[in-house]
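So you can see what is in the structure, the chains are spelled out below.
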Amino acid sequence: MEKKESAPDAQAPAPSSVTARHTNAFPIVGIGASAGGLEALEQFLSTVPVDSGMAYVIVQHLDPTHKGMMPELLQRATTLPVMQVKNRLKVKPNHIYVIPPNREMSILHGTLYLFEPTTPRGQRLPIDLFLHSLAEDRRQQAVAVILSGMGSDGSAGMRAVKENGGLAVAQEPASGAYPSMPQSAIDTGLVDIVAAPNELPARIIGHVKHVSAHPETVIDNLLQSGLEKVLILLRARNGHDFSLYKKSTLYRRIERRMDVHQIDRIATYVRFLQENPQEIDLLFREFLIGVTNFFRDPQAWERLRDLAFPQLFARSPAGRPMRAWVAGCSTGEEAYSLAMTFREAIDKHQPAGRFSLQIFATDLDGDAIDRARQGRYPSSIANEVSADRLARFFIATDDAYLVGKEIREMVIFAPQNMIQDPPFTKLDLLLCRNVLIYFGPELQKKLLPLFHYSLAPGGIMFLGNSETVGSESELFSTIDIKGRLFRRIDKPPQKLGIDFPSTFQSHHGSASDTKSLPPSANLQTLADQLLLEQFSPAAVLVNGRGDIVYINGRTGHYLEPAAGKANWNIHAMAREGLRQELGAALHQVTRNRGRVERADLRVVDEGKTRAVDLTVQMIEAPEQLCGMVMIAFSETHQQPDHGPQDKKPRSMKQSAMEHQLQQAHDEVRTLREEMQTSQEELKSTNEELQSTNEELQSTNEELTTSKEEMQSLNEELQTVNVE
């Protein structure tokens, strides 16, 4: 599968594939490490038994200018043979292999191959490179382990291992000298096991033995019942219905999670899900894992450029804006590939008119959409994207490529469930590649008429190389069967029997600043208890907007009602000298949570100046107060200044001015960061609103069509009635 519009099993090996359950081949553990990795590797290898039946291949970031001593150093920690890799070295079980300095490494049919690095020293990602090849060579027998190191090398390779059914493992970040690499892997949400290095071998071996001891089973009535219960729990948790997906594919994904927890029966796993709701979220992520990359199946993209786009150009010689929908875009590679292909088609065929292309890219996975919006991809995409395209459409950074502005502005990303949400309409081009193969026949028969409805007359549908229109051949004619390009055949909508989705999800739900307030009696009890535990008596409890909901102690020295209409907002009531600091602290706490303290603030009260310490803290518990903010005032015992401002010593005035200047600098910096964040959020919201607008227009068109059909039926009934 190229993307993950809920497509649960990307290129999962068939039962006859090379897997640990069906062949005598042994698992290979790929271990990635960098800074601080030597200590972690020694801890890991010290607990590896001599008869684990697995091979261990270590890819360490090494100084390319010095001879490697890693094998000798690691040999002290284990009795297994440790050797440095030589080109075309056959991997054997119960052996440890270490990459040599200044080399990149790959594996094919269990043999290790060494390559000269082709990228500059600071841009190399040897762990990603090896894990990608390991995933393709060993599939379900591949194990990816990410240990201590800086940067994010290994995360992309670990994703490839997971996509091919392997096991993803990471060191507990707190146990590493440099936690960036394992933390980056964990942040993908794909890691199966997180533990200290000395605990990982036993966990890995236990998982592999459990998988080997429980071969895949045909789904019978008992498994079917358990599977349906799992899907019910998923739907109740997040509202997504997987009941029309291929059952065998879903069960393989569920089985992987069962293997991780070493659960034998699906009924036991159902109980485990009921008791651990977070496991439901992990299973949902497992369902969404998909394979995607730029220009997958290059020949198909060439046919799109040279056959489909010229036909679309020919329909409007004067040129016009064109519309495309990429259904199941995953992390955006396919949507950006389409945008680049369009620009290349314009350059190659040079149509007479002025054409533009607006691409709507959607996916069920909100996290994937967020990554797609960033348009940031690892340096390893150089293996997929030609040098010419990289130079023209991307901006190179130290460790990544950013999609250029010209391409990024052509694409609007939005989360969407193609099964439940209304489609985009009046499309010239619809891409749904390698998604339909994971849907059951019933769901395919529902979606293809919907795709026909979405396309404008003469519109083109682009499928994956394993997909076809099947029994819906009366809806689409074939342009090019090798490229899987199909043209819409005009048919009245009322003759299609479209099962039109009439609901859409809110992509921009209003996030209220506070939760509903508890009853006043409970509020007072909880606030009093919290104050006695953590705060001084003079304090107020406010919501995220700063509205005061509870006052404790005498706060008159710090707050006063504002003149005019009654206003119980902390920003309006704070006295002079406290207002700016309080506003900034409250904003910081509501944005980043946690606790902020400000010491020795000068508050003016009836001509007198008081020295006050301010504490602002986000409330996490109890649950009824979660999301509120406690503001506590503590007057210090410093001698207050009763005289006018102009009689202060010069040094005190200078200190106060420096403090105000620093405060102004901090506020400007905060405002600048907020502005940048707001711009990004507004851009994201704008894209989602455009997507929602398209869905509403689609729904409106369907309702209009239904109205016309009802009017026609009404006229027929009137005629029958008259007769």
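Let me begin by describing the structure that accompanies this report. (Residues numbered from 1 in each chain as written. Predicted model: local features only at pLDDT ≥ 70, side-chain atom pairs only at ≥ 80, totals over all residues. Heavy atoms only, no water.)

## Concerning the packing of aromatic side chains
Describing an aromatic ring pair means giving the distance of the ring centres and the angle of the ring planes.
Right, on to step 1. In the structure shown here, the tally under the stated rule is 17 aromatic pairs.
Right, on to step 2. Pairing Phe 360 with Phe 424 gives two aromatic rings, centres 4.8 Å apart and planes at 20 degrees, and the pair type is stacked. Of this pair, Phe 360 sits in strand S12 (residues 356-363) while Phe 424 sits in the loop between strand S16 (411-415) and strand S17 (427-432), and the two are 64 residues apart along the sequence.
Right, on to step 3. Its relative accessible area of 0% is what places Phe 424 among the buried residues.
Right, on to step 4. One aromatic cluster in this structure is built from Phe 294, Tyr 336, Tyr 377, Phe 394, Tyr 401 and Phe 413. (Phe/Tyr/Trp six-rings, centres within 6.5 Å; stacked < 30°, edge-to-face > 60°. Helix = DSSP H or I, 4+ residues; strand = E, 2+ residues; numbered from the N terminus. Buried < 20%, exposed > 50% of the residue type's maximum accessible area, 1.4 Å probe, protein only.)

## A word on the pairing of strand S22 (residues 548-552)
Right, on to step 1. In this sheet, S22 lies alongside strand S21 (residues 539-542) in antiparallel orientation, the contact comprising four bridges. Its bridge partner lying in S22, Leu 541 is registered against Tyr 550. (Pairing = 2+ DSSP bridges.)

## A look at the side chain of Asp 192
Right, on to step 1. Within the secondary structure, Asp 192 is located in the loop between helix H5 (180-187) and strand S10 (193-195).
Right, on to step 2. Polar side-chain contacts of Asp 192 include one of 2.9 Å to the side chain of Lys 162.
Right, on to step 3. In this structure, Asp 192 is in contact with Lys 162, Gly 166, Leu 167, Ala 168, Arg 257, Val 260 and Glu 286, ignoring residues within four places of it in sequence. (Polar contact = N/O pair within 3.5 Å; in protein donor to acceptor, adjacent residues only side chain to side chain. Contact = heavy atoms within 4.5 Å.)

## What about unusual backbone geometry?
With glycine set apart, most residues show a phi of negative sign, and most peptide bonds adopt trans.
Right, on to step 1. Here Arg 88, not a glycine, exhibits a phi torsion of approximately 60 degrees, which is positive.
Right, on to step 2. When you line up the elements, Arg 88 lands in the loop between strand S3 (82-84) and strand S4 (89-90).
Right, on to step 3. Exposure remark for Arg 88: the relative accessible area of 62% places this residue in the exposed category.
Right, on to step 4. Within the chain, Arg 484 stands out as a residue other than glycine whose phi angle is a positive 55 degrees.
Right, on to step 5. Position of Arg 484 among the secondary structure elements: in the loop between strand S19 (476-480) and strand S20 (485-488).
Right, on to step 6. Exposure remark for Arg 484: the relative accessible area of 17% places this residue in the buried category.

## A short note on the sheet that holds strand S25 (residues 629-635)
Right, on to step 1. Here we have five strands laid out as an open sheet, ordered S22-S21-S25-S24-S23, and antiparallel in their pairing. The outermost strands of the open sheet, each flanked by one partner alone, are S22 and strand S23 (595-605). Shown here is a sheet whose adjacent strand axes are inclined to one another by a mean of 20 degrees, direction ignored.
Right, on to step 2. The sheet contact formed by S21 and S25 spans four bridges and is antiparallel. (Axes fitted to C-alpha atoms, helices over the stretch in contact; angles between N-to-C directions.)

## Examining the sheet that holds strand S1 (residues 28-33)
Right, on to step 1. What the seven strands build is an open sheet, ordered S3-S5-S2-S1-S8-S9-S10; its pairing is parallel. Two strands bound the open sheet, and with one partner strand each, they are S3 and S10. Sheet twist, expressed as the mean angle between neighbouring strand axes with direction ignored, is 20 degrees.
Right, on to step 2. Inspection of the sheet shows S1 paired to strand S2 (residues 55-60) by six bridges, in the parallel sense. Within S2, the residue paired with Ile 28 across the bridge is Ala 55.

## Side note on the packing of helix H9 (residues 266-275) against helix H10 (residues 277-288)
Right, on to step 1. At a minimum axis distance of 5 Å, the contact between H9 and H10 shows a crossing angle of 115 degrees. Here H9 is positioned roughly perpendicular relative to H10, judged by the angle of their axes. Taking contact as the criterion, the partners of Tyr 269, Phe 272, Leu 273 and Glu 275 in H9 are, on H10, Pro 277, Glu 279, Ile 280 and Leu 283.
Right, on to step 2. In the contact of H9 with H10, the residues fall into six nonpolar, no polar and two charged. (Parallel < 35°, antiparallel > 145°, perpendicular 65-115°, else oblique. Nonpolar A, V, L, I, M, F, W, Y, C, P; charged D, E, K, R; others polar.)

## Remarks on the pattern of salt bridges
Right, on to step 1. Following the criterion strictly, the structure yields 19 salt bridges and no others.
Right, on to step 2. With its nearest N and O atoms 3.0 Å apart, the salt bridge here joins Arg 257 to Glu 279. Here Arg 257 is found in helix H8 (residues 247-260), whereas its partner Glu 279 is found in helix H10, with 22 residues between them in sequence. Both residues of the pair, Arg 257 and Glu 279, belong to the buried class.
Right, on to step 3. A salt bridge links Arg 320 to Asp 428; its shortest N-O distance comes to 2.4 Å. Taken together, the positions of Arg 320 in the loop between helix H11 (298-315) and strand S11 (321-327) and Asp 428 in strand S17 put the pair 108 residues apart, joining distant regions of the chain.
Right, on to step 4. For Arg 320, a relative accessible area of 21% gives the class partly exposed.
Right, on to step 5. With relative accessibility at 3%, the residue Asp 428 sits in the buried group. (Salt bridge = Lys/Arg side-chain N within 4 Å of Asp/Glu carboxyl O.)

## Structural notes on the nonpolar core
Right, on to step 1. Residues Leu 234, Phe 242, Trp 325, Met 418, Cys 432, Phe 451 and Met 461 are the most contacted members of the largest nonpolar core, which totals 48 residues.
Right, on to step 2. Elements represented by at least two residues in this core include exactly helix H7 (221-238), H8, H9, H10, S11, S17, helix H16 (441-454) and strand S18 (455-463).
Right, on to step 3. For this core, the element with the most residues is H7, which contributes six residues.
Right, on to step 4. By size, the runner-up hydrophobic cluster in this structure holds 45 residues, among which are Ala 324, Val 326, Val 411 and Leu 431. (Core = buried A, V, L, I, M, F, W, Y, C linked by side-chain atoms within 4.5 Å.)

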